[in-house]
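Take a look at the letters that make up each chain.
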There are 4 protein chains.
Amino acid sequence: MRFFSDNAAPVHPAVLAAMADANVLDTAYDGDAWSKQLDGLFSDLFETEVSALWVPSGTSANSLALAALCPPHGAIVCHRDAHIQNDECGAPGFYTHGATLILGDGPGAKLTPEGIAAATAHIRADVHQVQPHAVSITNATEYGLVYTPAEVAAIGELCRSKGWGLHMDGARFANAVANLGCAPADVTWRAGVDALSFGFVKNGGMSAEALVFFKPELAEATLMRRKRAGLLFSKGRYLAAQILAMLEDDLWLANARAANAGARLLAEAAGDRLVFPVEANEVFVRVSAEEAAGLRALGFDFYDWGVGEARLVISWNQAEDAIRPLADAIAAL
Amino acid sequence: MRFFSDNAAPVHPAVLAAMADANVLDTAYDGDAWSKQLDGLFSDLFETEVSALWVPSGTSANSLALAALCPPHGAIVCHRDAHIQNDECGAPGFYTHGATLILGDGPGAKLTPEGIAAATAHIRADVHQVQPHAVSITNATEYGLVYTPAEVAAIGELCRSKGWGLHMDGARFANAVANLGCAPADVTWRAGVDALSFGFVKNGGMSAEALVFFKPELAEATLMRRKRAGLLFSKGRYLAAQILAMLEDDLWLANARAANAGARLLAEAAGDRLVFPVEANEVFVRVSAEEAAGLRALGFDFYDWGVGEARLVISWNQAEDAIRPLADAIAAL
Amino acid sequence: MRFFSDNAAPVHPAVLAAMADANVLDTAYDGDAWSKQLDGLFSDLFETEVSALWVPSGTSANSLALAALCPPHGAIVCHRDAHIQNDECGAPGFYTHGATLILGDGPGAKLTPEGIAAATAHIRADVHQVQPHAVSITNATEYGLVYTPAEVAAIGELCRSKGWGLHMDGARFANAVANLGCAPADVTWRAGVDALSFGFVKNGGMSAEALVFFKPELAEATLMRRKRAGLLFSKGRYLAAQILAMLEDDLWLANARAANAGARLLAEAAGDRLVFPVEANEVFVRVSAEEAAGLRALGFDFYDWGVGEARLVISWNQAEDAIRPLADAIAAL
Amino acid sequence: MRFFSDNAAPVHPAVLAAMADANVLDTAYDGDAWSKQLDGLFSDLFETEVSALWVPSGTSANSLALAALCPPHGAIVCHRDAHIQNDECGAPGFYTHGATLILGDGPGAKLTPEGIAAATAHIRADVHQVQPHAVSITNATEYGLVYTPAEVAAIGELCRSKGWGLHMDGARFANAVANLGCAPADVTWRAGVDALSFGFVKNGGMSAEALVFFKPELAEATLMRRKRAGLLFSKGRYLAAQILAMLEDDLWLANARAANAGARLLAEAAGDRLVFPVEANEVFVRVSAEEAAGLRALGFDFYDWGVGEARLVISWNQAEDAIRPLADAIAAL
């Protein structure tokens, strides 16, 4: 009864099956039949011409995107609680060769145009200060909130007016889209997003994420950077196959809907213990240390999140009967 | 009938099966039950205490090893034909933050103490010149030659006398050991090697190599660098499981022996067309452009290698009956 | 009547004279008779064996110090208002190859052990988060406050307990020591400082700062980094000569005392308009936009500092009669 | 009687005088009256609109130029004997964030289109290999040879056809122009050069070189990089003043002509001992170890250059009577 991370969940059987189906002789690196389909499939999904690369982790997807949008002497604005700031061991600094993250605020790890403006207000346009070149937002956020198309577009408009790029860390992009019910295009390029880290690993995949550039010209140098970082696997077809399996029949959406539904179940049980509205597959609840200990004594596994809060994450494979016991236990607190 | 790369070959069924067996809920990153076995299993294999990390590609293994052995302002001596110099898009420069590769010579991509001395003879010990900090050798080499324990030890001795580290790119380490018939320890740490990129992908694996440090203290900062490069997969157990499968019952050796045997078969057929002795799973033969075209017309796929030479690579899964037709065709030229 | 920067002031005649005296044929780089004296003179000044290098700017001194104390995957804690964070265009990120600055708070740009602890409290000791390796404090601070030996020692103690290095940005170190009246050793190595950027340029020098390592072993790699950054001037004697002139007869202290005295003059005139106590050569006063305009109309030149504040900087060469008119004008507001 | 380096020579009195004249209060960094003249004066000198920045060393000029022309994942072709390869401690790798130097051959450290083509012939246009983005040539070369406008133009044409940038390391550009008697434009932008490191330090300056961009748009990011490297001096006027003094009445040309003339004097004495024709201010002569010892016993100071050769460098301030004794001694060998 583990609720501590969607990274701990197993891989969806269709993904494993697709990898087994790819277990034939083919061309090395990304010249194979699977990898060659990515540009087209993601262009279809996003209703515009995109360039889509497989990469093996969310951190590498994010970092390559940032390196494409920001020079070494530039800065990227992100939320103080962003994954790129807190959980990637400085990967953006490595891939960008030392660019700076400027930290903004906002409830639930959500940036706003006003928050971005406040975080950058002190920056003079001179060579003494690191100049912003991009904004990175996470959708769904690290606290499970979802940016609507309008909210993204407001940030996109700010970026356009400043000449900045806009990156979306979509480690849980599927959960966001499942919540919004919108076209993937609406919350990305139509709202001004230039590059998307489209996550699959937390959503039933094994080791493949898609880095989607809505400005395909950004891909060229990225292909060099991907190789230079040791990320261009010699047997890339096993990554591409994972992604194809996730796209087929919208498995990515089905998995995300399942996880979101499970989270709503918990949310209803948690009532006013909720720290944030539940819009994706993460549930943050206020519990005392004793209450947390009590839940653990019942066999539930989860992370404390700061003092007096717990994070509960629902994975794609946790059906209602797996979640109901925890919901009941929370309701009974 | 493809002979152009062992990267194009499929994955061994035992590796796929091990990945499927790992498809259960477990801890994320490298805290899982599979990853935790690596240090012990490789310590057993090498008969000394080592630190062993999974990484997803040979390029990342090599680069992390070099970053552990050489500061940004230092240099690594390697052969002019080394993979790290020619086929990794400058990954060593990325991971080391700009260290220099000093290129040495020697037949068949093999370095010698004399070659290393010649390549570094012009370097004064001052701050104006980049100072060597490490040597990197490839075993088996990019031309399929194998360093013996004595040959490695001679280089190891030079490194020790200079205070340099010694890295072995073992993308085809299995083929080398299969050829030598020695203990893995003999051709590595007993001969002065500090870090080994132990390759599995070219030998039946999918996406997991082992980075083995014979000085375990080198692992600490490497763990940070691995994360910082986006290489610490959230579902690391699927990498570790691959390696465990390759180690079990010495599958790595069996696969390498099979590939080496296939290469010897070709070598016998090639006779004095051989550019180098065949000691691993690569065969370089002198063929005219017309002869090469003739072989291709018969359905054989391979890379030209410079002018008048062809590279033929045997994979773990190519049995004698798969190779015999090519051997006969070469003999008939 | 300019009060906007001690960088705008001219160079002390003794410094210019020393440069002219050095205008003879000598060895290139830092092999000359002047450069060779630095280690000894600073060891005398600090009453312990130090390694001292000339560098041509405060930014390069700071960055080289940080690179000596923090690996690329590490972090340095500094104040949110620190020069290294706000006014060096990301130089620490460049020289450290991407290390992170963690920003702490405290009045007047002054860090405290508590502030440092608060800024780092969220950091788990794992590979996902950038780990602190050093603290950097500025003495005198960017707001003209001076750390006492006891205040530095408290931070030094924290660093020692954590295994972190401690750097002091001493762009206005002379002003701090002049204020404290202590031995330079008391507020540096005896209080736990490992590396000091000892500034001369703002204090009557032209283009030479001293980077002083109280752990001389930190100098070795720094010598390589200095060269690699293009900072090892071929005619280094003209830098060393500047520093020797500043050290001779404690010119550095005399200049700083003069500037500090001028600042106190302004401080007395400013009374409760002062934003911070005046402990060095910078005076921050609360003035309305109209008052600021009025002062400028009288011919006084200075920077606004945020809204409703002005920064007034006194240089080494501004004697009482140069400052009195501004003091009177402020008193008359 | 030192002939070992033009870096050891003193500074021209006019340069020192200009620095003293600049010893007044002015704006900090590069906002001063001297720095503002550089763009215009170099545009006049080169008969086209250029962007010209002061930098404090040849290494920093070269590195900033290369960083403007080559991305981190790219390569720069230079001669095996180039200063950027051998004498800058890997500065190009630092400033470019890890770009590779590809080493070409040619007598007297001189590259040719054929040499460049040979050095890059093995590079496939794929992501596995580092792709060339620029060529760097040194004029006069490290062996005192001078590229003619036609020779530069041939390389410039190759670069244009490949889309590569072209950098000229002009540490001894003055000596080259003095030898050629051409317009500075003829051997630079008219021949395809994009960026020039225009050296003054070896030619009577103290610590200022000009980095001249013939494509002014290259300057923008370079201004950020200059600051980020700690090279934007707070009292920049003392650097700009040096350059203005060197430009005034063509002092740079007069100094170079004097040094070149001295070198020709030695060349005549050396006769067939010359290793290379003498076209600038460096003279390489074949001398046995005994002969070298004999010269040193007479009080002449110089560097051995490999085995059996000596390098003799004439500085701007060495008049005929200072050189004659060495010329006579060589003739008498």
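None of the values given here were measured: they were computed from a predicted structure.

Some thoughts on the sheet that holds strand β8 (residues 282-286) of chain D
Residues and elements named next belong to chain D. Spatially, β8-β10-β9 is the arrangement adopted by the three strands of the open sheet, whose pairing is antiparallel. Two strands bound the open sheet, and with one partner strand each, they are β8 and β9 (303-304). Taken together, the five bridges between β8 and strand β10 (residues 309-313) define a ladder with antiparallel strand orientation. Within β10, the residue paired with F284 across the bridge is R311.

Side note on the interface of chain C and chain B
Taken together, the contact between chain C and chain B spans 18 residues of the former and 18 residues of the latter. For the pairing of chain C and chain B, the buried interface totals around 1600 Å² over both sides, and the portion due to carbon and sulfur atoms is 69%. Three residues, H73, V127 and M224 of chain C, lead the burial of chain C against chain B; their summed loss comes to 41% of the area buried on that side. For the side of chain C that touches chain B, the leading source of residues is helix α9 (residues 219-228) of chain C, giving six residues. Split by residue class, the side of chain C that touches chain B holds eight nonpolar, six polar and four charged.

Here's the deal with the relation of the copies chain B and chain A
Relative to chain A, chain B is turned by 180° and slid 0.0 Å along the rotation axis, the superposed coordinates differing by an RMSD of 0.0 Å. Here the transformation between the copies is reduced to the relation of a two-fold axis. Within chain B, the C-alpha atom positioned nearest to the axis of rotation is that of A229 of chain B, 3.6 Å from it. When you check the interface residues of chain B against chain A, 100% turn up at the interface there too, and the contact is symmetric in its surfaces.

Section: the packing of aromatic side chains
Taken as a whole and judged by the stated rule, the model has 72 aromatic pairs over all chains. Ring geometry for Y95 of chain C versus F94 of chain D: centroids 5.4 Å apart, planes at 65°, classification edge-to-face. Here Y95 of chain C, found in helix α5 (residues 91-95), pairs with F94 of chain D, found in helix α5 (residues 91-95), and the two come from separate chains. Both residues of the pair, Y95 of chain C and F94 of chain D, count as buried. An angle of 45° between the planes, with centres 5.1 Å apart, marks the rings of Y143 of chain D and F276 of chain D as tilted. Here Y143 of chain D, found in the loop between β4 (131-138) and α7 (149-162), pairs with F276 of chain D, found in the loop between α11 (251-270) and β8; they are 133 residues apart in sequence, far enough to count as distant. The residues Y143 of chain D and F276 of chain D share a single accessibility class, namely buried. Through a chain of ring-to-ring contacts, the aromatic side chains of F42, F46, F173, F198, F200, F214 and W252 of chain A assemble into a single cluster. Cation over ring: R226 of chain A sits above W54 of chain A, and NZ or CZ is 4.4 Å from the ring centre. Cation over ring: R296 of chain D sits above F302 of chain D, and NZ or CZ is 4.1 Å from the ring centre.

So, the relation of the copies chain C and chain B
In screw terms, the move from chain C to chain B is a rotation of 180° and a rise of 0.0 Å along the axis, fitting with an RMSD of 0.0 Å. A shared interface surface links the copies, since 100% of the contact residues of chain C are contact residues in chain B too.

Concerning the sheet that holds strand β7 (residues 209-213) of chain A
All names here are of chain A. Across the sheet, seven strands lie side by side as β1-β7-β6-β5-β4-β2-β3; this open sheet has mixed pairing. One side of each edge strand has no neighbouring strand; the edge strands of this open sheet are β1 (51-55) and β3 (100-104). With strand direction ignored, the average angle separating the axes of adjacent strands in the sheet is 20°. As defined by bridge partners, strand β2 (residues 74-79) adjoins strand β4 (residues 131-138) across four bridges and the pair is classed as parallel. Residue pairing for β4: A75 is matched across the bridge by P132. Packing of helix α3 (residues 58-69) onto the sheet brings it into contact with β1, β2, β4, β5 (165-170), β6 (195-198) and β7, and relative to β5 it is tilted by some 175°.

Side note on the side chain of R228 of chain D
Structurally, R228 of chain D can be placed in helix α9 (residues 219-228). No salt bridge is formed by the buried R228 of chain D; the nearest opposite charge belongs to E88 of chain C, separated by 9.9 Å.

Details of the confidence of the model for chain A
Averaged over every residue, the pLDDT of chain A is 97; the share at 70 or more is 100%. Across the whole predicted complex the pTM is 0.97, and at the interface the ipTM reaches 0.97.

Observations regarding the pairing of β2 of chain A
Regular strands place their side chains on alternate faces of the sheet. Residues and elements named next belong to chain A. When you tally the buried positions in β2, you get six out of six residues, the bulk of the element. Residues of β2 alternate between two faces, with G74, I76 and C78 on one and A75, V77 and H79 on the opposite face, all of them buried. Relative to β3, β2 runs parallel, the two sharing five bridges. Within the sheet, the bridge partner assigned to V77 lies in β3 and is I102.

Regarding the nonpolar core
In terms of nonpolar packing, the biggest core is built from 136 residues, with F42 and F198 of chain A together with F42 and F198 of chain B touching the most fellow members. Other than its neighbours up to four places away in sequence, F42 of chain A contacts V50, A52, F198, F200, A210, V212, I243 and L247 of chain A. Within the second largest apolar cluster, 128 residues are counted, among which are A174 and A178 of chain C together with A28 and A241 of chain D.

Concerning the pattern of salt bridges
Enumeration over the complete set of coordinates arrives at 64 salt bridges over all chains. The residue D6 of chain C makes a salt bridge to R172 of chain C at a minimum N-O spacing of 2.8 Å. On the criterion of sequence distance, the pair formed by D6 of chain C in the segment before α1 (13-21) and R172 of chain C in the loop between β5 (165-170) and α8 (173-180) is long-range, its members being 166 residues apart. Of the two residues, D6 of chain C and R172 of chain C, both sit in the buried class. Within this structure, D6, R172, E282 and R311 of chain A form a network of salt bridges that share partners.

Describing the packing of helix α3 (residues 58-69) of chain D against α9 of chain D
All names here are of chain D. For the pair α3 and α9, the least separation of the axes is 10 Å and the interaxial angle reads 135°. Of the possible angle classes, the one that applies to α3 and α9 is oblique. The two elements α3 and α9 meet at a crossing, and its hand is right-handed. Of the residues in α9, those in contact with L64, A67 and A68 of α3 are T222, R225 and R226. Here the contact of α3 with α9 is built from residues that sort into three nonpolar, one polar and two charged.

Cut-offs used in this document
Residues numbered from 1 in each chain as written. Chains lettered and ligands numbered in written order. Predicted model: local features only at pLDDT ≥ 70, side-chain atom pairs only at ≥ 80, totals over all residues. Heavy atoms only, no water. Pairing = 2+ DSSP bridges. Helix = DSSP H or I, 4+ residues; strand = E, 2+ residues; numbered from the N terminus. Contact = heavy atoms within 4.5 Å. Buried area = accessible area lost by both parts, 1.4 Å probe. Nonpolar A, V, L, I, M, F, W, Y, C, P; charged D, E, K, R; others polar. Least-squares fit on C-alpha atoms with pLDDT ≥ 70 in both. Phe/Tyr/Trp six-rings, centres within 6.5 Å; stacked < 30°, edge-to-face > 60°. Buried < 20%, exposed > 50% of the residue type's maximum accessible area, 1.4 Å probe, protein only. Lys NZ or Arg CZ within 6 Å of the ring centre and 35° of its normal. Axes fitted to C-alpha atoms, helices over the stretch in contact; angles between N-to-C directions. Lys, Arg positive; Asp, Glu negative; His and termini not counted. Salt bridge = Lys/Arg side-chain N within 4 Å of Asp/Glu carboxyl O. pLDDT = per-residue confidence, 0-100. Core = buried A, V, L, I, M, F, W, Y, C linked by side-chain atoms within 4.5 Å. Parallel < 35°, antiparallel > 145°, perpendicular 65-115°, else oblique. Left-handed = near helix turned anticlockwise from the far one by under 90°.

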